[in-house]
Amino acid sequence: AEEVGGGDKEVVREYFTNDGFQRWKKIYGDTDEVNKVQLDIRIGHAKTVENVMKMLTDEGPLRGVSVCDAGCGTGCLSIPLAKEGAIVSASDISPSMVSEAEKQAREELAGIDDLQMPKFEVSDLESLTGKYDTVVCLDVMIHYPQSKADAMIAHLASLAENRLILSFAPKTLYYDLLKRIGELFPGPSKATRAYLHAEADIERALQKVGWKIRKRGLTTTQFYFSRIVEAVPS
Ligand code: SAM
């Protein structure tokens, strides 16, 4: 039932514009109105962002490097990227997320010399165009069934000149995650459905379009799992 008329995407957009927006804004924020599970996810996600920043800066300074942050959420990655001097294009399917990211960027980046404000745009991944040195897509694939993930990966790779960083919830931890998923994604809505991905499937999708994995990382906390891969043209 998931793919009738591409309905899944509409449901995801709706979720992240309303209830999901409120929920994830809290998780990605820094106020103390979060429960234990949400706090654990906040910490896990922050580690992912940290790992990705390290992966990126290990290859050299980011000053002047163009980065597309696809599915940027509230800007957790876009803002540190801009602080490092990257030229950031940030986009998200949810207008609420994009305006929140814009607001936070204005607050956190104000008065810092020598950086460019990220360029924010409401767009789904599939509609993004242009060329970027680096494309990053964090914790978005959980909304994609594998049948749609291949095309998504191919499209993101087509936008990237040198590097593509993806994170996803690994299927190896499926049973672990199942036990906890009720807490993570409560409610009857379809948008609360989480798709796990086998690393081999992601690797195959990258290979199909001529990319190979150069680095791998994994972030886990009690309620949060995220496999990170950095791919480069092969
Ligand atoms: N990447 C951000 C981060 O790590 O802080 C946000 C991660 S959040 C779990 C998932 C985000 O993906 C949401 O902001 C949602 O609106 C966005 N999203 C989901 N499907 C999308 C799509 N097809 N195109 C663009 N954004 C999408």
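Summarised in this report is the structure supplied together with it. Nothing here was measured: the structure is a model prediction, and the numbers come from that model. Each chain has its residues counted from 1, following the order in which its sequence is written. With the structure being a predicted model, the display of local features is reserved for residues of pLDDT at least 70 and the display and counting of side-chain atom pairs for 80 or more, all residues being used for whole-chain, interface and lining totals. Remark: hydrogens and water are excluded; side-chain values derive from all non-hydrogen atoms of the structure.

Focus: the site of the ligand
Then, number 1: Only a single heavy atom is needed: when it lies within 4 Å of a molecule or strand, its residue is near that molecule or strand. As a structural note, the neighbourhood of the ligand is formed by 22 residues, with His45, Gly71, Asp92, Leu138 and Tyr144 the closest of them.
Then, number 2: Here a polar contact is taken to be a pair of N or O atoms separated by no more than 3.5 Å, where protein atoms must pair a possible hydrogen donor with a possible acceptor and residues adjacent in sequence count only if both atoms sit in side chains. Note that a nitrogen atom of the ligand is positioned 2.7 Å from one of the side-chain N or O atoms of Tyr144.
Then, number 3: Relative to its free-state accessible area of 600 Å², the ligand is covered by the protein chains to the extent of 97%.
Then, number 4: A run of DSSP states H or I qualifies as a helix once it reaches four residues; a run of E qualifies as a strand once it reaches two. Both are numbered from the N-terminal end. A per-element tally of the shell around the ligand places helix H1 (residues 7-17) first, with 3 residues.
Then, number 5: Think of it as three bins: nonpolar holds Ala, Val, Leu, Ile, Met, Phe, Trp, Tyr, Cys and Pro, charged holds Asp, Glu, Lys and Arg, and polar takes everything else, Gly as well. For the shell around the ligand, the class distribution of residues is 11 nonpolar, 6 polar and 5 charged. Methods summary: accessible areas were calculated by the Shrake-Rupley approach with a probe of 1.4 Å, and residue burial reflects only the protein chains presented.

A look at unusual backbone geometry
Then, number 1: Although it is not a glycine, Asp114 sits at a positive phi angle of roughly 70°.
Then, number 2: The residue Asp114 is located in the loop between helix H5 (95-109) and strand E3 (119-122) in this model.
Then, number 3: Its identity is not glycine, yet Asp139 carries a phi of approximately 55°, on the positive side.
Then, number 4: Inspection of the secondary structure assignment puts Asp139 in the loop between strand E4 (132-137) and helix H6 (146-159).

Observations regarding the pattern of salt bridges
Opposite charge on two side chains lets them pair, provided their charged atoms get close.
Then, number 1: The term salt bridge refers to a pairing of a side-chain nitrogen on Lys or Arg with a carboxyl oxygen on Asp or Glu at a separation within 4 Å. One pass over the structure, following the stated rule, counts 17 salt bridges.
Then, number 2: As a salt-bridge pair, Arg63 and Asp114 come within 3.7 Å of each other at their nearest N and O atoms. Taken together, the positions of Arg63 in the loop between helix H3 (36-58) and strand E1 (66-70) and Asp114 in the loop between H5 and E3 put the pair 51 residues apart, joining distant regions of the chain.
Then, number 3: Its relative accessible area of 48% is what places Arg63 among the partly exposed residues. Residue burial is assigned from relative accessible area. The probe radius is 1.4 Å, only protein chains are included, and a residue is buried under 20% of its type maximum, exposed over 50%, and partly exposed in between.

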